[in-house]
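The chain contents come next:
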Amino acid sequence: MTTRRSAQRKTRSIAVLIASILLIIGLIAVIAVSRGSGSRDFTGEGNGVEEIVQIPEGSTISALGPELEERGIVASNSAFQAAAANNPDADNIHPGFYRLQGEMSAKAAVAALVNDANKITPLKVYGGATLMDINVLGGQTRFGILSMIQDVTCGGTNMSGCVDIEQLNKVAANADPAALGVPEWAREQVTQRAGDAKRLEGLIAPGEYIIDPGASAEDILTDLITRSAAQYEATGITERAAAVGMSPYELLIAASLVEREAPAGEFDKVARVILNRLDAPMRLEFDSTVNYGLPSVEVATTDEDRGRVTPWNTYAKDGLPETPIASPSIEAIEAMENPAEGNWLFFVTVDKDGTTVFNDTFEQHMADTVRAIESGVLDSQR
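Residues numbered from 1 in each chain as written. Predicted model: local features only at pLDDT ≥ 70, side-chain atom pairs only at ≥ 80, totals over all residues. Heavy atoms only, no water.

- Under an unreviewed UniProt entry, the name given to the chain is Endolytic murein transglycosylase, and the source organism is Corynebacterium riegelii.
- What the UniProt record of the chain gives under Catalytic activity (unreviewed entry) is the line "a peptidoglycan chain = a peptidoglycan chain with N-acetyl-1,6-anhydromuramyl-[peptide] at the reducing end + a peptidoglycan chain with N-acetylglucosamine at the non-reducing end."
- Under Sequence similarities (unreviewed entry), UniProt gives the following word-for-word description of the chain: "Belongs to the transglycosylase MltG family." (UniProt positions renumbered as here; feature names shortened; annotations may be inferred.)

In structure tokens form, the structure reads like this:
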């Protein structure tokens with residue numbers, strides 16, 4: 001009896017010992033795995049293959065870790081989190097797109113993210129910008145919006161597969177306007193000009209845009225046009241256009257003339273001149289509309305230039321140009337929606353300080369035009 005109990009106790013002791021050993025082995029294995037995953041890291045600055053990553057608005061660098069691990073940019077999220085915690089500048093990273101490389105050490109990845117040189121420059125569209133490049137006589141080429149987009153998408157070290165001018169032109173000329181986000185009030189006119197990339201002129205509003213350089217040409221243009229349409233709609237363009245006797249698209253065209261013709265502070269007065277001339281009726285005769293159809297431009301235009309028949313030249317055609325001639329700012333849109341009160345039919349900048357004079361009669365206008373010529377404002381290099 002005693003022997004049997006002793007044997008049972010011995011058996012239980014051996015079982016407990018074995019279970020304890022297995023438990024210890026399991027804990028050691030778990031600790032080993034845990035430590036191994038935490039220390040898993042690449043070495044060096046990367047493998048040379050460019051990778052674009054985004055930190056969205058409201059996000060943080062820490063939230064980026066799992067994606068970096070999944071894409072093979074860093075070896076493990078835990079190593080990335082440790083590197084971020086050890087970098088005092090990590091909390092200063094701003095939302096946007098960044099250029100990294102594949103297989104970077106966690107420390108190198110964090111260092112790259114805090115280096116502004118790796119942040120992709122936002123697209124900055126200024127008031128009066130055009131889709132296409134403009135050659136300014138006696139000056140530098142004024143790069144267009146499509147070139148600026150290419151600069152953002154192809155600005156890195158890895159040029160293959162980036163969205164270039166050729167792709168952007170093709171989409172701008174041929175893609176379905178509705179799919180591109182063109183507002184309903186502009187679709188008919190844009191559709192009628194299929195095959196010409198300039199049909200999208202004026203539909204990208206001035207402003208600063210963070211764009212994904214890895215997106216397609218169609219996605220990029222759709223994003224820009226959709227966001228711009230929302231800005232224009234927020235001004236009440238549909239209702240206000242009707243109030244001044246225009247369609248929304250006509251108001252957009254007129255606003256582009258204001259943007260190109262009016263000095264700062266005079267937008268609403270130039271808007272009134274446009275409306276007064278259209279009501280008269282008389283041709284607008286704006287040099288900016290002549291220049292829009294020319295390969296090279298300057299402030300002054302020649303008799304030959306003004307005689308050219310183009311879809312935009314308001315010396316050679318009645319009414320407004322067929323499309324906007326530039327990107328009108330919200331200020332220009334609002335000036336057309338709320339023009340100044342006045343009987344002016346003419347205006348001219350009379351000196352190099354930008355002084356602009358508005359007149360009711362042609363005789364007054366001609367006298368001020370002489371002042372402009374004498375001050376050198378209307379000198380031509382042709």
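1. Side note on the nonpolar core
Step number 1: In this structure, Leu-123, Ile-149, Leu-200, Leu-221, Val-258, Ile-274 and Met-336 are the most contacted members of the largest nonpolar core, which totals 69 residues.
Step number 2: Ranked by the residues each element gives to this core, the list is headed by helix H10 (residues 248-261), at eight residues.
Step number 3: When residues are assigned to domains, this core turns out to be shared by domain 2 (123-231) and domain 3 (235-340), each giving three or more.
Step number 4: Leaving out residues up to four positions away in the same chain, Leu-221 has contacts with Leu-146, Ile-149, Leu-168, Val-171, Ala-172, Leu-180 and Ile-204. (Core = buried A, V, L, I, M, F, W, Y, C linked by side-chain atoms within 4.5 Å. Buried < 20%, exposed > 50% of the residue type's maximum accessible area, 1.4 Å probe, protein only. Helix = DSSP H or I, 4+ residues; strand = E, 2+ residues; numbered from the N terminus. Domains from an automatic or database assignment. Contact = heavy atoms within 4.5 Å.)

2. Some thoughts on the pattern of salt bridges
Step number 1: Scanning all chains against the criterion turns up 14 salt bridges.
Step number 2: In this structure, Arg-283 engages Asp-318 in a salt bridge whose closest nitrogen and oxygen atoms are separated by 2.8 Å. Of this pair, Arg-283 sits in the loop between helix H11 (267-279) and helix H12 (287-291) while Asp-318 sits in the loop between helix H13 (303-307) and helix H14 (330-337), and the two are 35 residues apart along the sequence.
Step number 3: Overall, Arg-283 belongs to the partly exposed group, its relative accessible area being 32%.
Step number 4: Between Asp-368 and Arg-371 there is a salt bridge, with the nearest N and O atoms lying 3.2 Å from each other. Of this pair, Asp-368 and Arg-371 both sit in helix H15 (residues 362-374), three residues apart, which is roughly one turn of the helix.
Step number 5: The class for Arg-371 is partly exposed, based on a relative accessible area of 43%.
Step number 6: Each of Glu-51, Glu-67 and Arg-71 takes part in a single network of salt bridges with overlapping partners. (Salt bridge = Lys/Arg side-chain N within 4 Å of Asp/Glu carboxyl O.)

3. Details of the packing of H11 against H14
Step number 1: Close contact between H11 and H14 brings their axes to 8 Å; oriented N to C, the two are set at 50°. Classified by the angle between their axes, H11 and H14 sit oblique to one another. Remark: the crossing between H11 and H14 carries right-handed chirality. On H14, the residues that touch Phe-267, Asp-268, Ala-271, Ile-274 and Leu-275 of H11 are Glu-331, Ala-332, Ala-335 and Met-336.
Step number 2: Taken together, the residues of the contact of H11 with H14 break down into seven nonpolar, no polar and two charged. (Axes fitted to C-alpha atoms, helices over the stretch in contact; angles between N-to-C directions. Parallel < 35°, antiparallel > 145°, perpendicular 65-115°, else oblique. Left-handed = near helix turned anticlockwise from the far one by under 90°. Nonpolar A, V, L, I, M, F, W, Y, C, P; charged D, E, K, R; others polar.)

4. Observations concerning the UniProt feature "site: Important for catalytic activity" (unreviewed entry) in the chain
Step number 1: Per the UniProt record, "site: Important for catalytic activity" (unreviewed entry) is annotated on Glu-261.
Step number 2: Structurally, Glu-261 is set in helix H10.
Step number 3: Every residue in contact with Glu-261, bar those within four places of it in the chain, is listed here: Val-270, Phe-286, Asp-287, Ser-288 and Phe-347.

5. With respect to the packing of aromatic side chains
Step number 1: Tallied over the entire structure, the rule returns five aromatic pairs.
Step number 2: With centroids separated by 5.7 Å and ring planes inclined at 70°, the aromatic side chains of Phe-286 and Phe-347 adopt a geometry described as edge-to-face. In this pair, Phe-286 is assigned in the loop between H11 and H12 and Phe-347 in strand E8 (residues 346-349), connecting sequence segments 61 residues apart. Note on accessibility: Phe-286 and Phe-347 belong to one class, buried.
Step number 3: An aromatic cluster is defined as three or more aromatic residues linked by ring pairs; in this entry it consists of Phe-286, Trp-344, Phe-347 and Phe-358.
Step number 4: Taking the ring centre of Trp-312 as reference, the NZ or CZ of Lys-198 above it sits at 4.9 Å.
Step number 5: Looking at Arg-306, its charged tip hangs above the ring of Tyr-315, at a distance of 5.7 Å from the centre. (Phe/Tyr/Trp six-rings, centres within 6.5 Å; stacked < 30°, edge-to-face > 60°. Lys NZ or Arg CZ within 6 Å of the ring centre and 35° of its normal.)

6. Considering helix H8 (residues 217-234)
Step number 1: Across its 18 residues, H8 extends 26 Å between first and last C-alpha, which sits within 8% of the 26 Å expected from 1.5 Å per residue.
Step number 2: Of all the residues in H8, the buried ones are Ala-217, Ile-220, Leu-221, Thr-222, Leu-224, Ile-225, Ser-228, Ala-229 and Tyr-232.
Step number 3: The positive-phi residue at the C-terminal boundary of H8 is Gly-236, with phi of around 80°. (Expected span 1.5 Å × (residues − 1).)

7. Some words on the packing of helix H6 (residues 165-174) against H8
Step number 1: At a minimum axis distance of 9 Å, the contact between H6 and H8 shows a crossing angle of 60°. Here H8 runs oblique to H6, going by the angle between their axes. Relative to H8, the crossing made by H6 is right-handed. Each of Gln-167, Leu-168, Val-171 and Ala-172 in H6 lies in contact with H8, whose residues at this interface are Ala-217, Glu-218 and Leu-221.
Step number 2: Taken together, the residues of the contact of H6 with H8 break down into five nonpolar, one polar and one charged.

8. Some details on the pairing of strand E9 (residues 356-359)
Along any regular strand the residues' side chains alternate between the sheet's two faces.
Step number 1: By the alternation rule, side chains of E9 split into Thr-356 and Phe-358 and Val-357 and Asn-359, which are all buried.
Step number 2: Here four bridges tie E8 to E9, and the two strands are oriented antiparallel to one another. The partner of Thr-349 across the bridge, within E9, is Thr-356.
Step number 3: Where E8 folds back on E9, the antiparallel hairpin that results is connected by six residues, among which Gly-354 adopts a positive phi of roughly 90°. (Pairing = 2+ DSSP bridges.)

9. Quick notes on the side chain of Thr-235
Step number 1: Here Thr-235 lies in the loop between H8 and helix H9 (237-243).
Step number 2: Thr-235 sits in the buried class, given a relative accessible area of 15%.
Step number 3: There is a polar contact of 3.5 Å between the side chain of Thr-235 and the backbone nitrogen of Ile-237.
Step number 4: A polar contact is formed between the side chain of Thr-235 and the side chain of Glu-337, at a distance of 2.6 Å.
Step number 5: In this view, Thr-235 contacts Arg-240, Ile-330, Ile-333, Glu-334 and Glu-337; residues no more than four positions away in its chain are not counted. (Polar contact = N/O pair within 3.5 Å; in protein donor to acceptor, adjacent residues only side chain to side chain.)

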